[in-house]
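Analysis of the macromolecular model
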Amino acid sequence: MMDWIETIVSRGIRRPGYPADDWVAAWALDRFAEFGLHDARLEPVDLPVWRPVAASLEVHLDADPSRTVTVEAFALPYTTPEAAVTAPVGREVVPGAIVVPEYTFTELPQFYVRDLAKAVHDPEGVFDSLVQTLPFQLDYLDVIQGAIDGGAAGFAGALTGVPWETRDYYVPYDAVRRDIPAVWLSGGDARRVLALVDEGPCTGTLTVSAETGPAVSHNVIGTLPGRSDQWVIIGSHHDAPWASAVEDTSGIALVLAAARHWADVPEEQRPHNLLFLLTAGHMAHAAGTRAFISEHREMLGAVVLQLHLEHAARRCEAVDGALVPTDDPEPGWWFTSPGLEELVAQALVAEDLRRSFVLPPDVFSPMPPTDGAFFHPEGVPLVHFLSAPMYLFDSADTIDKVHEESLEPLTRAAIRIVEGTAGWRRG
């Protein structure tokens, strides 16, 4: 599984519509065929592509224009792709000005999540004191809406509250076009800008260059017949914000491992028909999942389980502005439909997947925060595994962030859950 992960990561950035993502889809199709899956195929998915080229912010003190700070930046996805805006710069939203708000990540005490859970597996007893740093604020998809509503000329988000030094923050990722030039600044660069702003009135030039337009990606699909006319769908997504080892190369590996296992099991021992799905365009508002549902809605009534596997993540700590991996897994969320909770809880204990929660699918929002979320409003029973390490949307998501020790237990737990649906029917 680590060999698969290393192969995929080596291709580079896998954003929707990028060549590396297209290569991975074709490579995964070859693996499906190699394992002996039936009807292995690619299904097209229309989606928008976003390719940032360059971005910067130059700020000078109005009282002394020789006092200048110039910093590189990273353009927010699907914001104004070409711009060179000169305007006043300040901390607050002002019509016609460039706003530089400070941004921090949410700190989530695990005892709070435990109180919401249907079951937990915490043999170490860490949930009383463990605090998880999430990779976003809770309004992360609307992070620039206040600037837009207030008539700002531009947005330069200051990542001063992020625990390591970075500007490579691929948020928001819903592929909604937002008509404002917008960038992220690293914490250190932002502090230099804000120090000058705090001295007195400043003027800045925000420059952005990016490419955007339509693209076609592909869902990767393969099937195996079982002893039932019902279906289990096992999925993840193949795109990513960067070369991203955890998001979601680890999910691809989990799906491939499950596919290889079930391909070696005789048909009469598979509890149901199995469909393996690697979707396109998670970073474009789950475009692949939505396309699959639209194309295959007639089968959804016979799906007894949609199992999504995302993010075998290693917990990191921030030390002197750098991320240091630990030996521990990031807490795992298992979003589970009613009636499946006991089955999932038993699998977590059997495979000793520590730091795990069994949660209702709508515990945080109307849908689970997963690539497979759109199966939920369709009424499909689901089990979605996800972890949310703080580096999830950042280029810091490298090979050393994969919690290698969890890969096989996660695969075995997924197999147990599928086996546990034997005899189940819908409709």
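Please refer to the structure higher up on the page.
All of these numbers come straight from a predicted model, not from anything done at the bench.

Okay, the pattern of salt bridges next. Oppositely charged side chains are able to pair whenever their charged atoms sit close together. Enumeration over the complete set of coordinates arrives at 24 salt bridges. With a closest N to O distance of 2.7 Å, Arg 67 and Glu 199 form a salt bridge. Taken together, the residues span a long stretch of sequence, with Arg 67 in strand E2 (residues 64-72) and Glu 199 in the loop between helix H5 (187-197) and strand E12 (202-224) at a distance of 132 residues. For Arg 67, a relative accessible area of 34% puts it in the partly exposed group. Looking at Glu 199, the relative accessible area reads 47%, which means it is partly exposed. Across the pair Arg 314 and Glu 405 runs a salt bridge whose closest N-O atoms are separated by 2.9 Å. Residue Arg 314 is located in strand E16 (residues 314-319), and its partner Glu 405 is located in helix H9 (residues 404-419); the two are separated by 91 residues in the primary sequence. Here the salt bridges do not stand alone but share partners, grouping Glu 72, Arg 167, Asp 189 and Arg 192 into one network.

One way to put it is that helix H6 (residues 245-263) packs onto H9 with a least axis distance of 10 Å and a crossing angle of 55 degrees. In terms of their interaxial angle, H6 and H9 are classed as oblique. Note that H6 runs across H9; the crossing there is right-handed. On H9, the residues that touch Leu 254, Ala 257, Ala 258, His 261 and Trp 262 of H6 are Leu 407, Leu 410, Thr 411, Ile 415, Val 418 and Glu 419.

What follows is about helix H1 (residues 2-9). Turning to H1, its buried residues are Met 2, Trp 4, Ile 5, Ile 8 and Val 9. With its buried residues spanning 155 degrees around the axis, H1 presents them on a single face. Buried-residue contacts for H1 involve helix H2 (19-35), H6 and H9.

To continue, consider the packing of aromatic side chains. Per the stated rule, a full pass over the model turns up 19 aromatic pairs. An aromatic cluster is present here, built from Tyr 103, Phe 105, Phe 155, Trp 164, Tyr 169 and Trp 184 joined pairwise through their rings. Above the plane of the ring of Trp 23 lies Arg 11, whose end atom (NZ or CZ) is 4.0 Å from the centre. The aromatic ring of Trp 242 is capped on one face by Arg 15, whose charged end is 4.4 Å from the ring centroid.

Further remarks concern the side chain of Gln 230. With respect to the element layout, Gln 230 can be found in the loop between E12 and strand E13 (231-237). A distance of 2.8 Å separates the side chain of Gln 230 from the backbone nitrogen of Arg 426, its partner in a polar contact. Contact partners of Gln 230, with chain neighbours within four places excluded, come to His 272, Asn 273, Ala 302, Val 304, Trp 424, Arg 425 and Arg 426.

To continue, consider the environment of Ser 129. As for its placement among the helices and strands, Ser 129 is situated in the loop between strand E8 (119-121) and strand E9 (131-133). Between the C-alpha atoms of Ser 129 and Gln 110, which are 19 residues apart in sequence, the distance is 7.2 Å.

We now examine the pairing of strand E14 (residues 273-279). Counting buried positions along E14 gives seven out of seven residues, so the element sits mostly inside the fold. Here E14 shows a buried face lined by Asn 273, Leu 275, Leu 277 and Thr 279 and a second buried face lined by Leu 274, Phe 276 and Leu 278. As defined by bridge partners, E12 adjoins E14 across five bridges and the pair is classed as antiparallel. Considered in E14, the bridge of Gly 222 is made with Phe 276. As paired strands, E13 and E14 are joined by seven bridges and run parallel to one another.

The next subject is the environment of Ala 347. Examined against the element boundaries, Ala 347 turns out to sit in helix H8 (residues 341-350). For the pair Ala 347 and Ser 250, spaced 97 residues apart in the sequence, the C-alpha separation amounts to 20 Å.

What follows is about the packing of H1 against H6. Look at H1 against H6: their axes get within 9 Å of each other, and the N-to-C directions meet at 135 degrees. The orientation of H1 relative to H6 falls into the category oblique. In this structure, H1 meets H6 at a crossing whose hand is right-handed. Across from Trp 4, Ile 5, Ile 8 and Val 9 in H1, the residues of H6 making contact are Ala 245, Thr 249, Ser 250, Ile 252, Ala 253, Leu 256, Ala 257 and Arg 260.

We now examine the side chain of Ser 228. If you trace the backbone, Ser 228 turns up in the loop between E12 and E13. Classification of Ser 228 by relative accessible area gives buried; the value is 15%. Reaching out from Ser 228, the side chain makes a polar contact with the backbone nitrogen of Gln 230 at a distance of 2.8 Å. For Ser 228, the residues in contact, after removing those within four places along its chain, are Pro 271, His 272, Asn 273 and Arg 425.

What follows is about the nonpolar core. Counting residues in hydrophobic clusters, the biggest one holds 138 residues, and the most contacted among them are Phe 155, Leu 185, Phe 276, Trp 333 and Trp 334. With twelve residues, the single largest contributor to this core is H6. Residues contacting Phe 276, with those up to four places away along its chain left out, are Phe 32, Leu 37, Val 220, Ile 221, Gly 222, Leu 224, Ile 234, Val 255, Ala 258, Ala 259 and Trp 262. In this structure, Ile 221, Ile 293, Val 303 and Phe 375 belong to the second largest nonpolar core, which totals eleven residues.

So, about the pairing of E13. Remark: a regular strand shows side chains that alternate across the two faces of the sheet. With six of seven residues buried, E13 is to be regarded as a mostly interior element. Remark: the E13/H6/E14 crossover connection has right-handed handedness. Judged from the five bridges that link them, E13 and strand E15 (residues 303-310) form a sheet pairing that is parallel. By the bridge assignment for E15, Gly 235 is matched with His 308.

About the cut-offs
Residues numbered from 1 in each chain as written. Predicted model: local features only at pLDDT ≥ 70, side-chain atom pairs only at ≥ 80, totals over all residues. Heavy atoms only, no water. Salt bridge = Lys/Arg side-chain N within 4 Å of Asp/Glu carboxyl O. Helix = DSSP H or I, 4+ residues; strand = E, 2+ residues; numbered from the N terminus. Buried < 20%, exposed > 50% of the residue type's maximum accessible area, 1.4 Å probe, protein only. Axes fitted to C-alpha atoms, helices over the stretch in contact; angles between N-to-C directions. Parallel < 35°, antiparallel > 145°, perpendicular 65-115°, else oblique. Left-handed = near helix turned anticlockwise from the far one by under 90°. Contact = heavy atoms within 4.5 Å. Arc of directions from axis to C-beta. Phe/Tyr/Trp six-rings, centres within 6.5 Å; stacked < 30°, edge-to-face > 60°. Lys NZ or Arg CZ within 6 Å of the ring centre and 35° of its normal. Polar contact = N/O pair within 3.5 Å; in protein donor to acceptor, adjacent residues only side chain to side chain. Pairing = 2+ DSSP bridges. Core = buried A, V, L, I, M, F, W, Y, C linked by side-chain atoms within 4.5 Å. Right-handed = clockwise from strand over helix to strand, strands pointing away.

Any link to function would need more than the numbers given here.
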